[in-house]
Structures are given as structure tokens and as C-alpha cells.
2 protein chains.
Amino acid sequence: MSAPLHEAHPSSPGRGLPDTQQGMRRRNLSRVMHTLNTEGPLSRAAVASHIGLTRAAVSTLVDELIRSGLLEELGPERPGRVGRPGSALALSGRGPAGIGAEIGVDHLAVCAVDLRGEVRARAVRHGTNRGRSPEPVIHELTALVRRVVAEAEGEGLWPAGLAVAVPGLVASDARTVVRTPNLDWHDTDLGTLLPGDLPLTVDNEANFGGLAELWLGDGAPSDFLHVSAEIGIGGAVVVDGRLLRGTRGFAGELGHVPVRPEGPACACGGRGCLEQYAGEEAVFRAAGLEPGEDRVELLAERAAAGDKDVRRALRDAGTALGIALTGAVNLLDPETVVLGGALAGLAPWLLPSLERELARRTAGPACAVTVSRLGSEGPLLGAAHSVVRAVLDDPATVGIRP
Amino acid sequence: MSAPLHEAHPSSPGRGLPDTQQGMRRRNLSRVMHTLNTEGPLSRAAVASHIGLTRAAVSTLVDELIRSGLLEELGPERPGRVGRPGSALALSGRGPAGIGAEIGVDHLAVCAVDLRGEVRARAVRHGTNRGRSPEPVIHELTALVRRVVAEAEGEGLWPAGLAVAVPGLVASDARTVVRTPNLDWHDTDLGTLLPGDLPLTVDNEANFGGLAELWLGDGAPSDFLHVSAEIGIGGAVVVDGRLLRGTRGFAGELGHVPVRPEGPACACGGRGCLEQYAGEEAVFRAAGLEPGEDRVELLAERAAAGDKDVRRALRDAGTALGIALTGAVNLLDPETVVLGGALAGLAPWLLPSLERELARRTAGPACAVTVSRLGSEGPLLGAAHSVVRAVLDDPATVGIRP
């Protein structure tokens, strides 16, 4: 389960597979899976017409996918969208499952998603992870993973892999947490701490949030800048349906774009970074509040109740977001900017000033700003779906029950 | 000659061609061309071993490419790098040529580049184009194009296409200049003004400068941010060997990244944009100089002579570049930042302050800054090479003599 497979776009299934007969077979298996993922249940003939292969060629591919447990035939009692009952194929609801996990600053969460994209099991543990070393946190996370896997197995699923979202920079080995400003973990190889029986991918929470938006968002475009916040501010750049990772995997660090170069010092070593104006601590400080649990809910409640200090703090945060996003939009020319994570819940009070800055400063035509409906669920769902996507992208190898 | 073909990376020749037998043949023709482009003259057997096909399959491909005039066999008097004289193949020096053109604010230039990457003809006209309408400028450019084409034809080449670099935003049709701040052209379709007998591509000069760096730079990485200046400041983002164009083709507008959000008003509608601190006019103003012709040379001469005002102006421009680039590096995590165009000649006085800002502000590890050896030749060479690349990427169709 290598990282690039996670990012293939439905429009080019199996991208990256070798250009041989064997590679072509694997790409065609992937095309069948992606067609059923996009279109829902279809007959063999409809699949063949969708992907431009003969009915006979598709039948061979489908038989292989049924044998592997990745597809199932719907019985006559579920005719789906085709005329002849019994002939419809669907992605299996009892096949591989993607296990997603999230290490938040204030919570742990795990879920299992089947090939159809349905969440089939989940577990959450609230409570801060600040100041804790990695071992006990990962120990707790492992217990949650085991519970979710057992529940999924009880429904006939089997785990195809584990993807973990973390609030920090991850090395290109997709295992090692290089730095988590709010947990104070450094160069921690989660591969040695997590159960070794599942293929593992670790990634930044903002990356998984951006991927979730790409895969699950309402009419999400394939070129967008996803801005999210939990405690810090993260960004994910999606270009042509692919996440832009950067040379060292550190792309998307929107929180440290300079907004006012002579502004307050930031933990990153810079001055006047976006996080100093729109990060959670900065907003609480500007509003004269003490941070507690359920921080975002508190801000949203106060703002909705008309609290002038909170509204002013959010308006100023929106202005800072607008300034930083102007630079990003001028550089990247995305189709939209998507506010996700905790920012989605605060959008009504951030958006007016954010959009005003963006409109008056952008060199090209103004860029639309939308609000994610996934909100703070994005990173966890993105993690689980990344495993499911890896199966869709290369069912011949990634989707095989171990 | 569609835009994406220009950007294919040697590591994935023919990317984007359909996944059919015919598409596979076209990809393999492209592999042969790219192998000879990268490796220089090779025997058929060496080509076969490079691309992993049988000698017989390669011979069929090579025969087709020789018939089309894209390859030639080197005679026994030029044994090249292989043992048996007469068996070495090379890209043709009498085949298709890429015609590149540049519309600068203060000059026009045209050149012809053969498949081997050699400039075989060129023509330049100095003199400002400010305040001139498109028609007379394009009329002059057309005369230069005709002169260069005639010269190339005299050497046995034939023009495969014309690519034009312009100092402004270009629409996704790759023909229409949307806006050129320093020429004051708006929504100008160059396709109706330029000779219709050559396939035409129009692109932003910064994009062609970035592509030239990718294709011709000294050990250029495949992930970098190219920063250039003629009169304005332009950027080109290259990710994984491909130019990032943005949704509307407007990506790379580094000159309008906010540096100090309450700074001086900019023509783009924003305030405190990078161009207000590091653009040519800003630097001249800061140094107390009147802009004339040969602006960069003047600044470089004065700085080299120890002029304190010029040195301070360039130092401040470097600081502003460093602040804007910090945001870009945090977002994109490129392998390097490359200073090109006019900035290359001023690098000794820009770099110290630029690198200092970048090092102290970047969230991840500091990003290396290099200086392009192409300098202000980049956009013109990038334009001509984009036509040559299109032939290498799809020789079966793009490389056919009309």
C-alpha cells in the first residue's frame, strides 16, 4: 500500500501501474471498481459500455473480482437501477474495510469504512493528549483499533489497512511523525508502536481532510485549497484530483504563511504567521476567553449569541485568513477554497471579512469560498477512505485478503 | 498540439495518450525519442535495452521515426558512443524545429530550435512596446518569425509549431492574452493576428521560463518554484516535472502575494504586493534612479560599483522576496527556489537578505535557493523547446511534416 495509490483520481484509475499487459489488466480491474463506485450497481453490459471494453473482457475481470470478495452480485430482490433482476453487480459490503484513525490534540477516534463508503464501526476516546508521550497514547489508540476491527469482522468485513491522521508533519516514509507542535512529539516512528498486522499509512490530518473533501465533498472540484483547523491551522492543496505533498511531504503549511512580517513571534521561528491571528489560541486571546474543552462550540455559541468580542476576534481572524489565502490563490489559482475542520463551524463569522480581503486583493478573478459539510469528521473519514481508495485503485494486489 | 503534451516529463513519455494498442504504440515511439534525447546517439540494441522492448519491436518503431524524418542514422564517420560504426541513431538535425517567440515590454525575439535542442536561427528587435496596440507589434513579430523560419528551412528544418511568450495572463485556450499590465493589452486573441500556417501556443513568459529551467537547467530538480522578473515579477510552480497552471491558467502570480497587507496600493487592486517592493519600478524608486533602457544592467553595474542606495534597494527587495517566498515554500515544499530572468543577474545583491528571511521564517527545513544560468533567455528558449517537447512526447502525430 504505497502512498501514490491513495491519490489516484477516478478519471485515471490505476495511474502509476506499469505499462505492460499485466499492468493493463490491473488498470482494467481498477476501472471496473471505480465505475461501480461512481455509478452504483450496474449490469456487466453497462460496466463494459462505461469503460469501453467488450462484455467478454469485463466478465473475466468481474469473475476475478467476485472471487476475491471485492464485488458481489445483487440478488433478484434488489434489482437496483438495471432492468433484469439478478444481473446487477455492486461493490462488496462484506469485503475489505479501510480502518481510519485520528490522533487529535484532545481526542482519539477510529472507524471502519467498507468499499461502498459506509462507516460500519467506530470508537472515540475524549480527553487531552497534550504533554503525553507517544507510547501510552498509541497504546490507547491500538485498543480502539482492535475494538473497531473486531466489530467490523463481526459484520463479515476484513481490514485492508490502517491509516492514521496526526496533527503534525509526517516524513515521506508515511510512518514517522517528524514534529507535532501541540503534542511535542519528535521523530516518532508510529510503525513500531502500532499493531504490525495491518499495512500502515500515517499522514497529516490536513492532508486527510483535503482528501476527504475530494472524495466525499458535495460536488467538490478537483482543484482546491482546503483550509482546516483543529488547534493549529492546516492546509491541503489538491491539484487535478491529486494531493500536492511537496518534496519532503511538508506542503500545505498555510498556518505559517506570513501575514504581517513584523507581527508576533511564532513557535515556528517566524513572525506574524497566520496562526498568530487565526489560530485557536490567538482567537481566544483576542476574544478575552480562556480555552477549555469543546473550544469551537464555545466560540460558535458566543458568536451566535451576539458576543461582540468573539465576533470581532473571528472577524479579525477572517481578515488574516483572507490575506494569507490571497497569496495562496495567486500562486495556485484553485477553483475554490474550502473551509473545513473547526473552521467550517465558525464560517458564518469568518467568511464576510475573509471573502472581502480575497476579493479585493486577488490578481485574477475572485476565487469562490465554500464550507465543507464534513467539518471536523474530515480527517478521520479521509484516513479510512484512503485505504478503500487504495483497494479501488489496485484491487489485484491491495485488495487481496491477507 | 494541446497544452498538456508540452509538460510531459521524460520519466513518463506520452503521458495522457489513450490506453489502447494504438496509444501504446504512440507511447513507445515517444519513449524512443526521449531515450535518444536524454542519452544521445545509441544503437537500436541500446535503445531496446533502455526502454525494455525487444530489438525487433524497437526496429519497427525506429524505421517509422526515420521515415518521418525525426531520427537519422549517423554515418560510419560518426560512430558516437557505440562500438559498431553506422549503427548509431540520433534525433534528426534536419527534422522539425520549434519556433519560439517572445513579446517583451522592451523587445521582440524569435528563435528556431531543432530536435537536438540547438538554436539554429534567431532574430531580435529592440525598442519599447509600451503604449502600442497589439496589431503593429504582432506585425513586427510576424516578420521576425518569417525570417527565422526561412533561415531554418535553409538548413533543412521545417517548423513544427510556434510558441509565444507574453508578459501577462493567458486564457486556457492558449491563444488569448487576458491582461498584460505593462502593455495594456486586454482580451487579445493572438491567434487571429499571427500567421495561421503554424500550430500556435501562447503562454505566460514566467511559465516558459520555468519550463526552460526544467528542461535545460543545470541539474534542475523536478519540484521547484521559479521566480523571474522582466518588468513585473512572475512565478512558475513545477511539481513532479509538470508546470502547475491553475484552474484558469493564472497560477504563479507571485508578484501579487501580499508582503505587507497595509502597504502601498498595487495596480492589481491589492495593497503591499511583492511587486511594490521588489518589482523593477519599486527598486528604481527606492534607489533614487530613473528607469531607462537596459535597466537590469544599470542596477547590476551600480551595485557592483558599490552604490549604497542601489545596494540598499536590492537588499530590501531581497527581504520582500524572502517574505513572499516563505509563504510559497510553506505551501508547496519545493526542492529549490530558482531565481531566473532579470533576477539572476541581480542575485549577488538580492540573495543574502532573501535567504535570511527564508531561513528564519520557513516552518520546515530551509529551502535551497539557486540562480538560473539561463537568465533572461529562459522564456524564449522555453517557448521554442515546448514545441520540440511536444514532438518528443507524441512524435506519431505532432511530428508529422504538414
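Residues numbered from 1 in each chain as written. Chains lettered and ligands numbered in written order. Predicted model: local features only at pLDDT ≥ 70, side-chain atom pairs only at ≥ 80, totals over all residues. Heavy atoms only, no water.

*Asks:* Just checking my understanding: could you explain helix α2 (residues 44–51) of chain B for this structure?
*Replies:* Residue and element names in this part refer to chain B. Those residues of α2 that fall on the buried side of the exposure criterion are R44, V47, A48 and I51. Along the long axis of α2, the arc covered by the buried residues comes to 100°, so they all point the same way. Buried residues belonging to α2 abut α1 (21–39), β1 (42–43), α3 (55–67), β2 (71–73) and β3 (88–91). After α2 finishes, the residue G52 shows a positive phi value of roughly 75°. (Buried < 20%, exposed > 50% of the residue type's maximum accessible area, 1.4 Å probe, protein only. Helix = DSSP H or I, 4+ residues; strand = E, 2+ residues; numbered from the N terminus. Arc of directions from axis to C-beta. Contact = heavy atoms within 4.5 Å.)

*Asks:* Would you mind going over the packing of aromatic side chains with me for this structure?
*Replies:* What characterises a pair of aromatic rings is the spacing of the ring centres plus the angle enclosed by the ring planes. According to the stated counting rule, one finds zero aromatic pairs over all chains in the structure shown. A cation over a ring is seen here: R260 of chain A above Y277 of chain A, with NZ or CZ 5.2 Å from the ring centre. (Phe/Tyr/Trp six-rings, centres within 6.5 Å; stacked < 30°, edge-to-face > 60°. Lys NZ or Arg CZ within 6 Å of the ring centre and 35° of its normal.)

*Asks:* Help me understand the relation of the copies chain A and chain B in this model?
*Replies:* Two copies of a chain can be linked by a rotation about an axis combined with a shift along that same axis. Between chain A and chain B, which share one sequence, the superposing operator has a rotation angle of 180° and an axial displacement of 0.0 Å; the RMSD is 0.1 Å. Considering both components of the superposition, the chain copies are consistent with a two-fold axis. Among all residues of chain A, the one whose C-alpha sits closest to the rotation axis is R260 of chain A, at a distance of 3.0 Å. A shared interface surface links the copies, since 100% of the contact residues of chain A are contact residues in chain B too. (Least-squares fit on C-alpha atoms with pLDDT ≥ 70 in both.)

*Asks:* Mind showing me how you'd approach unusual backbone geometry here?
*Replies:* Leaving glycine aside, a negative phi is the common case for residues, and trans is the common case for peptide bonds. Residue and element names in this part refer to chain B. For D184, which is not glycine, the phi torsion reads 65° and is therefore positive. As for its position among the elements, D184 is in the loop between β9 (176–180) and β10 (185–189). Look at D184 and you get exposed, because its relative accessible area is 58%. Although it is not a glycine, D333 sits at a positive phi angle of roughly 50°. Checked against the element boundaries, D333 lands in the loop between α9 (308–332) and β15 (336–339). Overall, the relative accessible area of 3% leaves D333 in the buried class.

*Asks:* Even after reading the chapter, I still don't get the nonpolar core, so can you show me in this structure?
*Replies:* Soluble, globular proteins show a tendency: their nonpolar side chains are buried together. If you look at the biggest cluster of nonpolar residues, it comprises 94 residues, and the most contacted ones within it are V227 of chain A together with V227 of chain B. What V227 of chain B contacts, discounting residues up to four positions off in sequence, is I233, G234, L254, L321, L325, V337, V338, L339, G340 and L343 of chain B. (Core = buried A, V, L, I, M, F, W, Y, C linked by side-chain atoms within 4.5 Å.)

*Asks:* Sorry if this is basic, but what is going on with the pairing of strand β13 (residues 233–239) of chain B here?
*Replies:* Working note: regular strand, side chains alternate between the two faces of the sheet. All names here are of chain B. When you tally the buried positions in β13, you get six out of seven residues, the bulk of the element. In this sheet, β13 lies alongside strand β12 (residues 224–229) in antiparallel orientation, the contact comprising six bridges. Within the sheet, the bridge partner assigned to A229 lies in β13 and is I233. Two successive antiparallel strands, β12 and β13, enclose a turn made up of three residues. Of the strand pairs in this sheet, β13 and strand β14 (residues 242–243) are connected by two bridges, and their pairing is antiparallel. Considered in β14, the bridge of V238 is made with L243. (Pairing = 2+ DSSP bridges.)

*Asks:* Sorry, what's going on with the interface of chain A and chain B here?
*Replies:* The parts lose accessible area when they come together, and the size of an interface is often stated as this lost area. Contact with chain A, which involves 49 residues of that partner, is made by 49 residues of chain B. Here chain A meets chain B over a buried area of about 4,000 Å², counting both sides, of which 52% is carbon and sulfur. Our enumeration of links across chain A and chain B arrives at four salt bridges. Close ionic contact of R260 of chain B with E262 of chain A constitutes a salt bridge, the shortest N to O distance being 3.5 Å. Viewed at the interface, chain B and chain A are joined by 25 residue pairs in polar contact (both at pLDDT 80 or more). (Buried area = accessible area lost by both parts, 1.4 Å probe. Salt bridge = Lys/Arg side-chain N within 4 Å of Asp/Glu carboxyl O. Polar contact = N/O pair within 3.5 Å; in protein donor to acceptor, adjacent residues only side chain to side chain.)

*Asks:* Just to check I follow, could you spell out the packing of helix α7 (residues 280–287) of chain A against helix α9 (residues 308–332) of chain A for this structure?
*Replies:* Helix packing for two helices is described by the angle between their axes and how far apart those axes are. Residues and elements named next belong to chain A. The geometry of α7 relative to α9 is characterised by a closest axis approach of 8 Å and an angle of 140° between their N-to-C directions. Regarding the angle of α7 to α9, the classification is oblique. With respect to the hand of their crossing, α7 and α9 are arranged in right-handed fashion. For the pair α7 and α9, contact is made by V283, A286 and A287 and by D309, V310, R312, A313, L314 and A317, respectively. (Axes fitted to C-alpha atoms, helices over the stretch in contact; angles between N-to-C directions. Parallel < 35°, antiparallel > 145°, perpendicular 65-115°, else oblique. Left-handed = near helix turned anticlockwise from the far one by under 90°.)

*Asks:* Help me understand the sheet that holds β14 of chain B, please; the structure alone is not making it clear to me.
*Replies:* The strands making up a sheet associate through backbone hydrogen bonding, with each pair oriented either parallel or antiparallel. Residue and element names in this part refer to chain B. Judged by pairing direction, the sheet is mixed, and its five strands sit side by side in the order β14-β13-β12-β15-β16 without closing on themselves. Two strands bound the open sheet, and with one partner strand each, they are β14 and β16 (368–371). The strands touched by α9 are β12, β13 and β15; relative to β12, the strand with the most contacts, the crossing angle is about 155°.

*Asks:* Explanation requested: the side chain of H385 of chain B in the structure shown.
*Replies:* All names here are of chain B. Summarising the element assignment, H385 is placed in helix α11 (residues 378–393). Accessibility expressed as a relative area gives 8% for H385, which makes it buried. Every residue in contact with H385, bar those within four places of it in the chain, is listed here: V113, G117, W215 and L216.

*Asks:* How do you make sense of the pattern of salt bridges when you look at a structure like this?
*Replies:* Working definition: two side chains of opposite charge can pair if their charged atoms are close together. Per the stated rule, a full pass over the model turns up 38 salt bridges over all chains. Here E357 of chain A and R361 of chain A are joined by a salt bridge, their closest N and O atoms 2.7 Å apart. Highlighted residues: E357 of chain A and R361 of chain A, both in helix α10 (residues 342–361), separated by four residues, approximately one helical turn. Residues R122 of chain B and E377 of chain B are paired through a salt bridge, measuring 3.1 Å at the closest nitrogen-oxygen approach. A residue pair is termed long-range when its members are at least 10 positions apart, and R122 of chain B in strand β6 (residues 119–126) and E377 of chain B in the loop between β16 and α11 qualify at 255 residues.

Scope: geometric values only; no functional claims are made or implied.
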